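Residue-level structure breakdown
Here is what each chain is made of, one letter per residue.
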Amino acid sequence: MSAVLERVAAGPLLSDEDRARAEHYAVLSRLFASAPDADFLRQLPALAATWGSSGNALGQAWLMLGDAARNIDAEQLEDEYTRLFLTIGRPDVMLFGSFYMAGFLMEGPVVELRADLAELGLGRRLGVTESEDHIAALCDVMRHLIVTGPDAAGLGRQQLFFTRHLAPWFEALSDALERAPDARFYPRTAALVRAFFEIERLAFDML
Amino acid sequence: MTDKKPENLKRRGFLLAAGVGSAGAVAVAVGVGKEKTPPVATVKAEDKVGSYEETRHVSNYYRTARV
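This structure is a prediction, so every number in the text was calculated from the model and none was measured.

**Looking at the overall build of chain A**
Looking only at helices and strands, chain A features 11 helices and 0 strands. Along chain A, helices and strands appear, N-terminal first, in the series α-α-α-α-α-α-α-α-α-α-α. Against the globule reference of 17 Å for 207 residues, chain A gives a C-alpha radius of gyration of 17 Å, in line with a compact fold. A fraction of 60% describes how many contacts in chain A between residues 6 or more apart in sequence connect residues 24 or more apart.

Given below as structure tokens:
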């Protein structure tokens, strides 16, 4: 049994804020891994009721997302996802970090990312065609690091991974989402992307 | 846990104030709270939420991470 597996099996006690962070990464991953299905779409307003608040940027972002989810159905969302992110050639919005960090897909940042993932014992699932720098994949890694490593060493791993692979480009991704043409839902995810990752960045700076 | 260190208390206070602190109400929605699920050897196709998998620990992670 690997060390990581033992930690998962033992169920490390997560603080409320680490659980909330893990949940945010799970939600962000699901938002971008594929178009939200009807079930997930229905859950978003409930999540917005939990985390929504007019008092801070994250809360406002949640209120906006909950509202967006109530005003679109899964079929329309599937169309929007496909059009924005999966277009052959140059999609309207790129979800891959290397595009923002290096200007091209599959560039140096992916090589560095693969080395860091290997160090963590992670790799790409067989049959997955997206490269490892997809926003959903990076969110999955962060969530994995949070639930398996809430201790100081784990926090250090989270900080390193976030700083190298998410911090450099989340603002550019948020901008691109906000400007997505002829779209009703994904521009309203931009605020959540920006607010949550900005909180993460500031919080890591306090370590 | 290392919460007793001053910088961690500061960080924690910041996260709570920023709105990242109230977990629990959405446990079912994002699968959190199932971290004690026994490891599994395989991952069902519908468990996929992203692009990473390798060995048993990641299989388990995918199981717990299902949204």
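**Focus: the packing of helix α2 (residues 16-33) of chain A against helix α8 (residues 135-148) of chain A**
Angle between the axes and distance between the axes: these two values describe a pair of packed helices. Residue and element names in this part refer to chain A. Closest axis-to-axis distance for the α2/α8 pair is 8 Å, and the angle between their directions is 160 degrees. By the angle class used here, α2 and α8 are roughly antiparallel. Once α2 is placed against α8, the crossing between them reads as left-handed. Of the residues in α8, those in contact with Asp-18, Arg-21, Ala-22, Tyr-25, Ala-26, Leu-28, Ser-29, Phe-32 and Ala-33 of α2 are Ile-135, Ala-136, Cys-139, Asp-140, Met-142, Arg-143, Ile-146 and Val-147. Of the residues contributing to the contact of α2 with α8, the split by class is 12 nonpolar, 1 polar and 4 charged.

**A look at helix α10 (residues 170-178) of chain A**
Residue and element names in this part refer to chain A. Those residues of α10 not exposed but buried are Phe-170, Leu-173, Ser-174, Ala-176 and Leu-177. Within α10, the buried residues cover an arc of 160 degrees as seen down the axis, which keeps them to one side. Structurally, α10 contributes buried residues whose contacts are with α6 (97-102), α8 and α11 (190-205).

**Considerations on the nonpolar core**
All names here are of chain A. Formed by 67 residues in total, the largest nonpolar core has its most connected members in Leu-58, Met-142 and Val-193. Among the elements that make up this core, the one with the highest residue count is α8 (10 residues). In this structure Val-193 touches Leu-28, Phe-170, Leu-173, Ser-174 and Leu-177, once residues within four positions along its chain are discounted.

**Points about the packing of α10 of chain A against α11 of chain A**
Residue and element names in this part refer to chain A. One can describe the packing of α10 onto α11 by two numbers: an axis separation of 8 Å at closest approach and a directional angle of 165 degrees. By the angle between their directions, the pair α10 and α11 is classed as roughly antiparallel. In this structure, the crossing between α10 and α11 has a hand that is left-handed. Listed contacts from α11 to Phe-170, Glu-171, Leu-173, Ser-174, Leu-177 and Glu-178 of α10 are Ala-190, Val-193, Arg-194 and Phe-197. Classifying every residue of the contact of α10 with α11 by side-chain character gives 6 nonpolar, 1 polar and 3 charged.

**Quick word on unusual backbone geometry**
Residues and elements named next belong to chain A. Phi is positive for Asp-182, which is not a glycine, with a value near 50 degrees. Relative to the elements of secondary structure, Asp-182 occurs in the loop between α10 and α11. Of the residues examined, Asp-182 has 9 C-beta atoms within 10 Å and is grouped as exposed.

**Quick notes on the environment of Ala-57 of chain A**
Note that Ala-57 of chain A resides in helix α4 (residues 57-70). Since 17 C-beta atoms lie within 10 Å of it, Ala-57 of chain A is described here as partly exposed.

**Structural notes on the environment of Asp-39 of chain A**
All names here are of chain A. Of note, Asp-39 is situated in helix α3 (residues 38-51). The exposed category is assigned to Asp-39, around which 10 C-beta atoms lie within 10 Å. Separated by 35 residues in sequence, Asp-39 and Ala-74 have C-alpha atoms that sit 8.9 Å apart.

Rules used throughout
Residues numbered from 1 in each chain as written. Chains lettered and ligands numbered in written order. Predicted model: local features only at pLDDT ≥ 70, side-chain atom pairs only at ≥ 80, totals over all residues. Helix = DSSP H or I, 4+ residues; strand = E, 2+ residues; numbered from the N terminus. Rg over C-alpha atoms; globule rule 2.2 N^0.38 Å. Contact = placed C-beta atoms within 7 Å. Axes fitted to C-alpha atoms, helices over the stretch in contact; angles between N-to-C directions. Parallel < 35°, antiparallel > 145°, perpendicular 65-115°, else oblique. Left-handed = near helix turned anticlockwise from the far one by under 90°. Nonpolar A, V, L, I, M, F, W, Y, C, P; charged D, E, K, R; others polar. Buried ≥ 20, exposed ≤ 12 C-beta atoms within 10 Å, placed from the backbone. Arc of directions from axis to C-beta. Core = buried A, V, L, I, M, F, W, Y, C linked by C-beta atoms within 7 Å.

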